[in-house]
Amino acid sequence: MASESSHSVYYVPEQTKYPFFASIGLFFMVFGLGSVLNDVSAGDSVAVSTWIALAGFLLLSFIIFQWFATVIRENHAGLNNDQLKRSYVWGMAWFIFSEVMFFAAFFGALFYIRTLAVPWLGGEGEKGLAGEVLWPEFQAAWPLVVNPDPTLFTNPHEGLNVKEWSVSFFAGYLPFWNTVILITSSVTLHYAHVALKAENRKRLLQWMFVTVALGILFLALQALEYVEAYGHYGITLDSGIYGSTFFLLTGFHGFHVTLGTFILIVMLLRCLKGHFKPNDHFGFEAAAWYWHFVDVVWVGLFIFVYLL
Amino acid sequence: MSSAAIDHAHDHDHHHGPAKGISRWLFTTNHKDIGTLYLWFSFAMFLLGGTFALVIRAELFQPGLQFVEPNFFNQMTTMHGLVMVFGAVMPAFVGLANWMIPLMIGAPDMALPRMNNWSFWILPFAFTLMVSTLFMEGGGPNFGWTFYAPLSTTYAPDSVTYFIFAVHIMGASSIMGAINVIATILNMRAPGMTLMKMPLFVWTWLITAYLLIAVMPVLAGVVTMMLFDIHFGTSFFNAAGGGDPVLFQHLFWFFGHPEVYIMILPAFGIVSAIIPTFARKRLFGYDSMVYATASIAFLSFIVWAHHMFTVGMPLAGQLFFMYATMLIAVPTGVKVFNWVATMFRGAMTFETPMLFAIAFVVLFTIGGFTGVMLAITPADFQYHDTYFVVAHFHYVLVPGAVFSLMAAAYYWLPKWTGYMYDETLGKLHFWMSFVGVNLLFFPQHFLGLAGMPRRIPDYALQFANFNWISSVGAFLFGFSQLILLLVVIKCIRGGKKATAQVWEGAQGLEWTVPSPAPYHTFETPPDPSLIKAQ
């Protein structure tokens, strides 16, 4: 369809029940989650609030499933013209930008803590006065393994950062292998995309399987690392700012990898069902963009959380 | 693709009016319906937030504690700010964007109509969650709309958890709305509608949407850190664990300062539409308006710490943020100059939208000047956290943003309803609002300079006179808004028939469609010859 004529037949969908009920689901999900947290803090039973959160989550998930199914069905029916497809492309691109800014908040916090807040607490510069008065014993260091007040925030035993720059160290260093896995998965996903465009369905499925497997492997290793961090290293959420930044940065990344893996599994299932054409597969591309974005965030994480 | 299927869908979807009953509003994908929903929702929130403000002003009418407990007073200042910023001003501009952007660029609807419905319907639920905290055990949020840690973490009431989740979902709503606006403007313009022919309201919204997508996720990040500090023992904002409460302020204001421009850039767009219409001249300096808007948006990212001069900051930081802040006065001055130059030797008439627009130019400029005063670091040490700050930001937000919204409502009401509004009542509304708002906020400058701190329920005797004047102004301004409600309801029910162009000097695509605008407009793109440079 020529883009000139595409202006004349933009598909404005009919009324839809999805968003309103999705809002109800979202409401009960967050209300339930908030209640669970407050119940735990107050020492009350979380039974009721858990059910509310779960019901909201299930409603929201069900509706989002239906919503995507409808969009896919409409595209297969030929209702989406070039212009609408471009709207989806713009939408996804700007959504990823919003995700970049979400991570920027956590990276910004990490940089501020490492380069300003901790040195000030250690007594550096004019701003160091408060730290000197409050905790004269405190020494600025990163990773921070001795907190200003260890009675409030238990010290971790040691950091998870890179200890030495040698082949033997990296060979046994789990985050390094996770980096290799995630970067590889971006490459294999790219090959899947190439196969899709070349209409080689067998290759496409093979590379998609490999990519999903690598995603799951990454998550398994990440879980292993968390177990190690809690058990062996004594790094916990409440072990001071090192644990706080470590778990929120890697945790939100891990959450995004989980979501990305789930999306890739959906894409794999759609590939199995014969969806996507060499010239019409933005759903696949959007998933790939998301996966590459998650990969780039990890590279940033590896540099600033582990390496430096 | 088979064109038969498309034609079928086309016939099916476009050649009918709105659905009947409540389902029209719950399930709509029509940009005009969604715009209307946003506008009514924001007006309801405006009255609710205004009621909270009147509680504050009633308490401050005279010294001593009259009506409310200090803790409840703090909940009122907090909720007033949150409801007005996130519930009234932002959704009102989104409502105008929904209604007007497709009409102005010749598009059949917003780019992603179903998501558009979701952006709206999240909001009533988010605000139900947030406002309901007032009735919870321990009370609602009482830490100010800026929710500084540790007030909002260590010392917060339990309801803060719901506040955090409410902010999360309204942020999701804002981001989806902003993505929709950008996709619409970049992808849905009619052939011939080049970027530099777009009305300024569209330009300012494009830039506003960019700001929203850039900073709402940062707000989500900072409330997430709060949530983890409160419930999971992290120490982002706790120095005992190596964190820093000041980190909260940096993150908050990195969101908060662009947020200020999110609330004013679309206002610039509205005023840039109204002044040329009633001056019957083309807008002076269209290109410079676009560049000034972009400059303001860029600068908004590098000035956030001017909210934090007194918190303690290295000297280099103070100097940088002072000069960067003052730079904003340059593009803003360009804008004010252009508006005045547009009016210069114009054939001006003073219908209600024009009155609000002129008042905007004058009173917003006052707020801008006090902003430059506050930017001076050594002077800010004196002004910080006083009523001078309250006066400053209310001057830019009430006779600034809110007046522009009222101007927009009067300007486009005939296009929305098909009838002219009652001009006498409109003028009455304007003059009562104008007198009320100045009585309300001007004395607060003096109170602040004399040292009255903000966010307190009681004050020293020497502040009594200006406070009662301010409170009288508040009630005058507050109750005047019921006139607007009356005008709108009257205008929906009937009146003098509006023509398509409505205003003699009005230019632009929205004035080429009949009044009221049909349920579906620009299903086929408008004639490119209708699209003129601004």
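These numbers come from a predicted model, not from an experiment.

Calculation criteria
- Residues numbered from 1 in each chain as written.
- Chains lettered and ligands numbered in written order.
- Predicted model: local features only at pLDDT ≥ 70, side-chain atom pairs only at ≥ 80, totals over all residues.
- Heavy atoms only, no water.
- Helix = DSSP H or I, 4+ residues; strand = E, 2+ residues; numbered from the N terminus.
- Buried < 20%, exposed > 50% of the residue type's maximum accessible area, 1.4 Å probe, protein only.
- Contact = heavy atoms within 4.5 Å.
- Salt bridge = Lys/Arg side-chain N within 4 Å of Asp/Glu carboxyl O.
- Polar contact = N/O pair within 3.5 Å; in protein donor to acceptor, adjacent residues only side chain to side chain.
- Nonpolar A, V, L, I, M, F, W, Y, C, P; charged D, E, K, R; others polar.
- Patch = residues over 30% accessible without salt bridge, like charges linked within 9 Å, V, L, I, M, F, W, Y side chains within 5 Å.
- Areas by Shrake-Rupley, 256 points an atom, 1.4 Å probe, with all protein chains shown as cover.
- pLDDT = per-residue confidence, 0-100.
- Phe/Tyr/Trp six-rings, centres within 6.5 Å; stacked < 30°, edge-to-face > 60°.
- Expected span 1.5 Å × (residues − 1).

Before going further, it helps to examine the overall build of chain A. A tally of helices and strands in chain A yields 10 helices and zero strands. N-terminal to C-terminal, the α/β element order of chain A is α-α-α-α-α-α-α-α-α-α. Along the first, second and third principal axes, the C-alpha set of chain A runs to 70 × 50 × 40 Å. Counting all 308 residues of chain A, 51% fall into the buried class.

We now examine unusual backbone geometry. Residues apart from glycine generally show negative phi values, whereas peptide bonds are mostly found in trans. Of note, the amide linkage connecting Trp142 of chain A to Pro143 of chain A takes the cis form, showing an omega dihedral of 0°. Structurally, Pro143 of chain A is set in the loop between helix H5 (129-134) and helix H6 (167-171). For the peptide bond that leads from Ala149 of chain B to Pro150 of chain B, omega is 5°, which places it in the cis range. Tracing the sequence through the fold places Pro150 of chain B in the loop between helix H5 (113-132) and helix H6 (160-187). For Asp385 of chain B, which is not glycine, the phi dihedral falls at a positive 60°. Not every positive phi belongs to a glycine, and Arg455 of chain B is a case in point at roughly 60°.

Listed per partner, the contact involves 76 residues of chain A and 79 residues of chain B. Across the chain A-chain B interface, the total number found is one salt bridge. Close ionic contact of Glu74 of chain A with Arg114 of chain B constitutes a salt bridge, the shortest N to O distance being 2.7 Å. Where chain A meets chain B, there are 18 residue pairs in polar contact (both at pLDDT 80 or more). The element that contributes the greatest number of residues to the side of chain A that touches chain B is helix H4 (residues 82-121) of chain A, accounting for 22 residues. Of the residues in the side of chain A that touches chain B, the class split is 49 nonpolar, 19 polar and eight charged.

It is worth spelling out the pattern of salt bridges at this point. Residue and element names in this part refer to chain A. For the structure shown, the criterion picks out eight salt bridges over all chains. Two residues, Asp280 and Lys85, come together in a salt bridge whose shortest N-O distance is 3.5 Å. Taken together, the positions of Asp280 in the loop between helix H9 (241-272) and helix H10 (282-307) and Lys85 in helix H4 put the pair 195 residues apart, joining distant regions of the chain. Taking relative accessible area as the criterion, Asp280 reaches 16% and is therefore assigned buried. Among the residues examined, Lys85 registers a relative accessible area of 22% and is labelled partly exposed.

Attention shifts here to the side chain of Thr70 of chain A. Inspection of the secondary structure assignment puts Thr70 of chain A in helix H3 (residues 47-76). With a relative accessible area of 10%, Thr70 of chain A lands in the buried category. Among the polar contacts made by the side chain of Thr70 of chain A, one reaches the main-chain carbonyl oxygen of Gln66 of chain A at a distance of 2.8 Å. Contacts of Thr70 of chain A, omitting those with residues within four sequence positions, involve Tyr18 of chain A together with Arg114 of chain B.

Residues and elements named next belong to chain A. On the surface, a nonpolar cluster with roughly 890 Å² of combined accessible area is contributed by Phe111, Trp165, Ile183, Val187, Tyr191, Val194, Val299, Ile303, Phe304 and Leu308. Sorting the residues of the nonpolar patch by element identifies helix H7 (174-197) and H10 as the ones contributing at least two each. Examining the composition of the nonpolar patch, we find that four residues originate from one element, H7, more than from any other. Within the secondary structure layout, Trp165 lies in the loop between H5 and H6. For Trp165, a relative accessible area of 63% translates into the label exposed.

This part covers the confidence of the model for chain B. Looking at chain B as a whole, its pLDDT mean stands at 95, while 97% of the residues score no less than 70. Overall fold confidence (pTM) sits at 0.95, and the ipTM for the predicted complex is 0.95.

Across all of its chains, the model carries 98 aromatic pairs over all chains by this definition. When the centroid spacing of 5.4 Å and the interplanar angle of 25° are considered together, the rings of Phe31 of chain A and Tyr162 of chain B count as stacked. You can see Phe31 of chain A sitting in helix H2 (residues 18-42) and its partner Tyr162 of chain B sitting in helix H6, one on each of two chains. Exposure remark for Phe31 of chain A: the relative accessible area of 24% places this residue in the partly exposed category.

Time to look at helix H13 (residues 352-375) of chain B. The end-to-end C-alpha distance of H13 of chain B is 34 Å, a good match for the 34 Å that 24 residues give at a rise of 1.5 Å each. Burial analysis of H13 of chain B places 17 of its 24 residues in the buried class, which makes it a mostly covered element.

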